[in-house]
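Report on the structure
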Amino acid sequence: SGVGVKRHGSDLHAIAANDGGLLIASAMYLVVWAVFDGELPSEIPLRALGSIIYLGVLGTTVGFALYMYLLKRLPVATLTLVTLITPATALILGQLLNDEVVGSEVWYGAGLITIGLMVHQFGHRLIPAKVPVE
């Protein structure tokens, strides 16, 4: 979708793109819920409710609007790096704020992903420039 917005929707307002994306995602979530579960929970803990509200307001609405705003101003390849860094950031926050246990294999994997992203983003600086032969 990022490539499509960059190519065809340069005049598309970030909020309009956000609304369209949320409408499609919400409909798909409802279909999946209806097919695989279809039952409402009998009780929602306060912490879970707070998490749902936070993700709905900041994680989805504000985050997606900012993503679309930046999409108009940055190259797609640069902006999509954010989607690759987010899971590692979530691991760190989960361990620090929620006392989640994260195994060493996961940290090694996150490290490899980070190294790969660094090579992708800055690898051109490692290759010496070719000097033209006269």
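As the structure is a prediction and not an experimental result, all values here were calculated from the model.

**A look at the overall build of the chain**
- Looking only at helices and strands, the chain features six helices and zero strands.
- Ordered by position from N to C terminus, the α and β elements of the chain give α-α-α-α-α-α.
- In the chain, which comprises 134 residues, the share counted as buried stands at 13%.
- Of the roughly 10800 Å² of accessible surface on the chain, a fraction of 70% belongs to carbon and sulfur atoms.

**Thoughts on unusual backbone geometry**
- Not every positive phi belongs to a glycine, and Asp 99 is a case in point at roughly 55°.
- Along the polypeptide, Asp 99 turns up in the loop between α5 (81-98) and α6 (104-122).
- Residue classification places Asp 99 among the exposed positions, given a relative accessible area of 67%.

**Observations regarding α5**
- With 18 residues, α5 ought to run about 26 Å at 1.5 Å a step, and its terminal C-alpha atoms sit 25 Å apart, in line with that.
- At Pro 87, α5 shows its largest bend, some 25°.
- Here α5 has its buried residues at Leu 81, Ala 88 and Gly 94.
- Lining the buried residues of α5 we find α4 (76-79) and α6.

**Regarding the confidence of the model for the chain**
- Per-residue confidence for the chain averages 79 on the pLDDT scale, and 83% of its residues sit at or above 70.
- Here helix α1 (residues 2-8) stands out as the least confident element of the chain, with mean pLDDT 62; α6 is the most confident, with 84.

**Some words on the packing of α5 against α6**
- At a closest axis distance of 10 Å, the pairing of α5 and α6 adopts a crossing angle of 150°. Considering the relative orientation of α5 and α6, their crossing is left-handed. Counted together, Leu 81, Leu 84, Ile 85, Ala 88, Leu 91, Ile 92 and Gln 95 of α5 and Val 106, Trp 107, Ala 110, Ile 113, Leu 117, His 120 and Gln 121 of α6 form the full contact between these two elements.
- Looking at the contact of α5 with α6, its residues break down into eleven nonpolar, three polar and no charged.

Thresholds applied
Residues numbered from 1 in each chain as written. Predicted model: local features only at pLDDT ≥ 70, side-chain atom pairs only at ≥ 80, totals over all residues. Heavy atoms only, no water. Helix = DSSP H or I, 4+ residues; strand = E, 2+ residues; numbered from the N terminus. Buried < 20%, exposed > 50% of the residue type's maximum accessible area, 1.4 Å probe, protein only. Areas by Shrake-Rupley, 256 points an atom, 1.4 Å probe, with all protein chains shown as cover. Expected span 1.5 Å × (residues − 1). Bend = angle between axes of the 7 residues up to and from the residue. Contact = heavy atoms within 4.5 Å. pLDDT = per-residue confidence, 0-100. Axes fitted to C-alpha atoms, helices over the stretch in contact; angles between N-to-C directions. Left-handed = near helix turned anticlockwise from the far one by under 90°. Nonpolar A, V, L, I, M, F, W, Y, C, P; charged D, E, K, R; others polar.

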